[in-house]
Amino acid sequence: MFLYLLMLCAVVGVLALATIVLRRLKNRQVRQDELWFGYEQHMDALRAVSPEAELARVSQVYQGAKSGTKAVIAWERTGVEQDSWFEGMNPSPGDLLLLRGSPGWGPDSASPNVLYVAPGQVLSSMTVEAQAAAARHRHRLAATGVTP
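Throughout what follows, the structure given in this document is the object of discussion. (Residues numbered from 1 in each chain as written. Predicted model: local features only at pLDDT ≥ 70, side-chain atom pairs only at ≥ 80, totals over all residues. Heavy atoms only, no water.)

1. Some points on the nonpolar core
Here is step 1: Formed by A56, V58, A71, I73, W75, F86, M89, L97, L99, L115, V117 and V122, the largest nonpolar core amounts to twelve residues.
Here is step 2: Broken down by secondary-structure element, the contributors of at least two residues to this core are β1 (54–65), β2 (68–75), β4 (96–99) and β6 (111–117).
Here is step 3: L99 has contacts with E52, A53, E54, A56, W75, F86, L115, Q121, V122 and L123, leaving out every residue within four places of it along the chain.
Here is step 4: F37, L55, A130 and L141 belong to the second largest nonpolar core, which has ten residues in total. (Core = buried A, V, L, I, M, F, W, Y, C linked by side-chain atoms within 4.5 Å. Buried < 20%, exposed > 50% of the residue type's maximum accessible area, 1.4 Å probe, protein only. Helix = DSSP H or I, 4+ residues; strand = E, 2+ residues; numbered from the N terminus. Contact = heavy atoms within 4.5 Å.)

2. Looking at the sheet that holds strand β5 (residues 102–106)
Here is step 1: In space, the seven strands of this open sheet follow the order β5-β6-β3-β2-β1-β4-β7, with mixed pairing throughout. Two strands close off the open sheet at either side, each with one partner strand: β5 and β7 (122–126). For this sheet, the mean inter-axis angle between neighbouring strands, taken without regard to orientation, is 40 degrees.
Here is step 2: In the sheet, β2 pairs with strand β3 (residues 81–87) via seven bridges, with the strands oriented antiparallel. Bridging across to β3, A71 finds its partner in S84.
Here is step 3: Here helix α2 (residues 128–144) sits on the sheet in contact with β1, β4 and β7, set at roughly 70 degrees to β7. (Pairing = 2+ DSSP bridges. Axes fitted to C-alpha atoms, helices over the stretch in contact; angles between N-to-C directions.)

3. A word on the side chain of S84
Here is step 1: Note that S84 resides in strand β3.
Here is step 2: S84 sits in the buried class, given a relative accessible area of 1%.
Here is step 3: Other than its neighbours up to four places away in sequence, S84 contacts T69, K70, A71, V72, I73, V114 and L115.

Below, the structure written as structure tokens:
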């Protein structure tokens, strides 16, 4: 009988501890999602005060080097894709970037419309994971009827 009670207490203790740990992990994720949602709003505000900057998503990275990365970006407003050169940067596919750049001739692709982006011209960026976290928080707000 004593052994049975001891095992029962152990099982209840493990379940209680697991519940606490899982609740803390969920609360931590909720807080992190909220932070990324705030960062996304910061990007929107920064875009509003930087009329020469635009949001673009990295569609494809097709060549990386120590000196930079060649990639295809898609402009968020229009969906138009454009070849680009990121000097000294290594963006990943799916990254959302608030950037400026200068159009120019692309000798490798023989394109007259390559966007050249210098190191200081990416004003802000969000990885795919950060965008997903912001979307989760936006979904939570919508489910509770709160508008951002």
